[in-house]
Amino acid sequence: MADKSFEYLGGNLYRFTLKTEEHTQMIDITSRIEEIIKFSGVSAGLCVVDVPHTTAGVTVNENADPDVQKDMMKELDQIVPWENGYAHVEGNSAAHVKASLMGMSQTLVIRNQSLLLGTWQAVYFMEFDGSRERTVYVKLV
Amino acid sequence: MADKSFEYLGGNLYRFTLKTEEHTQMIDITSRIEEIIKFSGVSAGLCVVDVPHTTAGVTVNENADPDVQKDMMKELDQIVPWENGYAHVEGNSAAHVKASLMGMSQTLVIRNQSLLLGTWQAVYFMEFDGSRERTVYVKLV
Amino acid sequence: MADKSFEYLGGNLYRFTLKTEEHTQMIDITSRIEEIIKFSGVSAGLCVVDVPHTTAGVTVNENADPDVQKDMMKELDQIVPWENGYAHVEGNSAAHVKASLMGMSQTLVIRNQSLLLGTWQAVYFMEFDGSRERTVYVKLV
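Keep in mind that this is a model prediction, so the values were computed, not measured.

**Q** Explanation requested: the relation of the copies chain A and chain C in the structure shown.
**A** The two chain copies are related to each other by a rotation about an axis together with a translation along it. Superposition record for chain A on chain C: RMSD 0.0 Å, screw rotation 120 degrees, translation along axis 0.0 Å. Read as a symmetry element, the transformation amounts to a three-fold axis. Distance from the rotation axis, computed per C-alpha, reaches its smallest value in chain A at Leu101(A): 3.4 Å. Little of the interface of chain A is mirrored in chain C, where only 11% of its interface residues again form contacts.

In C-alpha cells, the structure reads:
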C-alpha cells in the first residue's frame with residue numbers, strides 16, 4: 001500500500017478506521033498497530049489501543065486457529081444473550097455489556113520498535129453490533 | 001462549587017471520594033476526572049482511573065439512555081448471581097467477580113486537556129456491594 | 001533469597017516466570033512485582049503487568065479470605081463452562097474466553113516506590129489452562 005492506513009493527530013496519537021462486515025466479528029488489528037509504531041520511531045514504551053465506541057471493544061487473544069474466534073464470539077453470545085428483556089429501546093444492550101466485559105482499551109508494551117506479544121497473541125477489534133464504520137485510536141507513550 | 005472536589009497527592013496523582021446509594025449502581029465520574037485534568041494543566045498523555053476496592057470497578061459505556069445502565073447492571077446480576085453457593089463468609093463473592101470482569105482500573109487518553117472519549121462514552125464507577133463511601137485515584141502521565 | 005527472582009530486559013522492562021500447579025489457579029504475584037519496583041528505583045509512575053499468553057490473565061482482587069479465590073474460579077467456570085460444544089480442537093476455548101474476560105494486562109499506579117493498592121487488593125496471575133510454566137512481563141514508566 002503506497003499510502004498510510006492511518007492518520008496522525010499530533011502528540012503521538014494516531015487514528016485509523018475499519019469497516020466491520022458482520023453483526024459480531026473479531027478483526028485482527030495487530031499489523032495496523034505495528035505499522036503505526038514503525039512510523040512513529042518509538043522503540044520502547046507503552047501503546048494504548050482505544051476504541052471510542054460503546055458497542056465494540058478491544059482484546060488480545062489467539063491468532064492461530066480461527067475456531068478460537070468463533071468459539072469466543074459464540075460463548076459471549078451465550079453469556080450475554082441478544083434478547084433478554086432489556087429496557088434500552090435501541091435493542092443492543094447485549095453489545096454494551098460485552099464491550100465492557102472485553103474493555104474499550106488495552107495497554108500494550110512496546111519493545112524494539114514492536115509490540116511485546118506472546119507467540120500466539122494478536123490484538124483484536126471486537127465488533128458487537130455491526131456492521132459499522134469504526135474508529136481505533138493508538139496512543140504511544 | 002467553590003472548593004475542589006478532589007485532593008492532590010503529588011506526582012500528578014489525585015484522589016476523590018464518592019458515596020454510593022444503592023447495592024449496585026453506575027455513577028458517571030467523567031466530569032470529576034475532567035476537573036482534575038483541567039486543574040493539572042496536562043494537555044496530552046494518559047489518565048489512569050483506579051479504584052482501590054475489590055467489590056467495585058470502573059468501566060466506560062454509554063451516557064445517553066439511562067436504560068443502558070439498568071440493563072448492564074441487571075445483566076451482570078444474571079451472569080453472576082448474588083446467591084450461588086459461595087464459600088466466602090462475607091457473602092459478597094458475586095461483587096468480587098463482577099469487579100474483576102469490569103476491571104478495577106481504566107487507562108484513558110488525554111488530548112487537548114480533555115479525555116479522548118467517543119460521543120456516547122462516559123466513565124463509570126461500578127458499585128457492586130453498596131452503599132459505601134468509595135475512593136477513586138486518578139494518575140496523569 | 002540471594003538471587004533475584006526476575007530478569008531485567010532493559011528499558012525498565014522485567015520478566016519473571018512461575019509454575020502453575022492446577023488446571024485453574026489464582027497466584028498472588030504482588031510481592032514479585034514489588035521486588036521489581038524496589039530494584040528499579042522508580043518511585044512514582046505506572047506499572048504495566050502483562051502476560052504473553054492467551055489462556056491466562058491478570059487481575060486485581062481480595063487477598064484476605066482464600067475462599068474469594070475459590071468462589072471466583074468456580075463462578076468463572078459456571079459462566080464459561082469447560083465443555084460447551086466448542087470448535088477449537090485443542091479443547092481449551094473456555095480458557096481463551098476467561099483470559100479475555102479478566103484481561104491479559106493490568107495498569108497499576110506506583111507511589112512511594114510501591115504499588116498503590118487498596119487494603120484488600122493483591123495482583124493475581126489467573127491460570128485457566130494449567131499446569132504450565134508461565135511468563136509475566138512488568139514494564140515501569
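**Q** I keep staring at the state of the cysteines and nothing clicks. Help me out?
**A** Two cysteines form a disulfide when their sulfur atoms are joined by a covalent bond. One pass over the full model with this rule turns up zero disulfides over all chains. The cysteine Cys47(A) is free of any disulfide, with Cys47(B) supplying the nearest cysteine sulfur at 18 Å.

**Q** Where do I start with the sheet that holds strand E2 (residues 13–19) of chain C in this structure?
**A** Picture the strands of a sheet paired through backbone hydrogen bonds; they go either parallel or antiparallel. Residues and elements named next belong to chain C. Pairing within the open sheet is antiparallel, and its six strands lie in the order E1-E2-E9-E4-E6-E7. With partners counted over all chains shown, the strands left at the sheet margins are strand E1 (7–8) and strand E7 (114–115), one partner each. Alignment of strand E4 (residues 45–50) against strand E9 (residues 133–140), held across four bridges, turns out to be antiparallel. Among the inter-strand pairings, Asp-50 is bridged to a residue of E9, identified as Tyr-137.

**Q** Can you help me understand the relation of the copies chain A and chain B in this one?
**A** Rotating chain A by 120 degrees and moving it 0.0 Å along the rotation axis overlays it on chain B with an RMSD of 0.0 Å. When the interface residues of chain A are mapped onto chain B, a mere 10% of them are again interface residues, pointing to distinct binding faces.

**Q** Sorry if this is basic, but what is going on with helix H2 (residues 66–79) of chain A here?
**A** Given 3.6 residues to a turn, an α-helix orients residues that are three or four positions apart in the same direction. All names here are of chain A. The first and last C-alpha atoms of H2 sit 20 Å apart over 14 residues, in line with the 20 Å expected at 1.5 Å per residue. Within H2, burial applies to Asp-67, Val-68, Gln-69, Asp-71, Met-72, Met-73, Glu-75, Leu-76 and Ile-79. The opening residue of H2 is Asp-65, an N-cap whose side-chain oxygen sits 2.8 Å from the backbone nitrogen of Asp-67.

**Q** Explain the packing of helix H3 (residues 93–102) of chain A against helix H2 (residues 66–79) of chain B here, please?
**A** A pair of packed helices can be characterised by two numbers: the angle between their axes and the separation between those axes. Viewed as axis vectors pointing N to C, H3(A) and H2(B) meet at an angle of 65 degrees, and their least axial separation amounts to 9 Å. Taken as axis vectors, H3(A) and H2(B) run roughly perpendicular relative to one another. In terms of crossing hand, the pair formed by H3(A) and H2(B) is right-handed. Here Ser93(A), His96(A), Val97(A), Ser100(A) and Leu101(A) of H3(A) lie close against H2(B), whose contacting residues are Val68(B), Asp71(B), Met72(B), Glu75(B), Leu76(B) and Ile79(B). Along the lines of polarity and charge, the residues of the contact of H3(A) with H2(B) split into six nonpolar, three polar and two charged.

Reading the values: the criteria
Residues numbered from 1 in each chain as written. Chains lettered and ligands numbered in written order. Predicted model: local features only at pLDDT ≥ 70, side-chain atom pairs only at ≥ 80, totals over all residues. Heavy atoms only, no water. Least-squares fit on C-alpha atoms with pLDDT ≥ 70 in both. Contact = heavy atoms within 4.5 Å. Disulfide = S-S within 2.5 Å. Pairing = 2+ DSSP bridges. Helix = DSSP H or I, 4+ residues; strand = E, 2+ residues; numbered from the N terminus. Expected span 1.5 Å × (residues − 1). Buried < 20%, exposed > 50% of the residue type's maximum accessible area, 1.4 Å probe, protein only. Polar contact = N/O pair within 3.5 Å; in protein donor to acceptor, adjacent residues only side chain to side chain. Axes fitted to C-alpha atoms, helices over the stretch in contact; angles between N-to-C directions. Parallel < 35°, antiparallel > 145°, perpendicular 65-115°, else oblique. Left-handed = near helix turned anticlockwise from the far one by under 90°. Nonpolar A, V, L, I, M, F, W, Y, C, P; charged D, E, K, R; others polar.

Just geometry here; none of it tells us what the structure is for.
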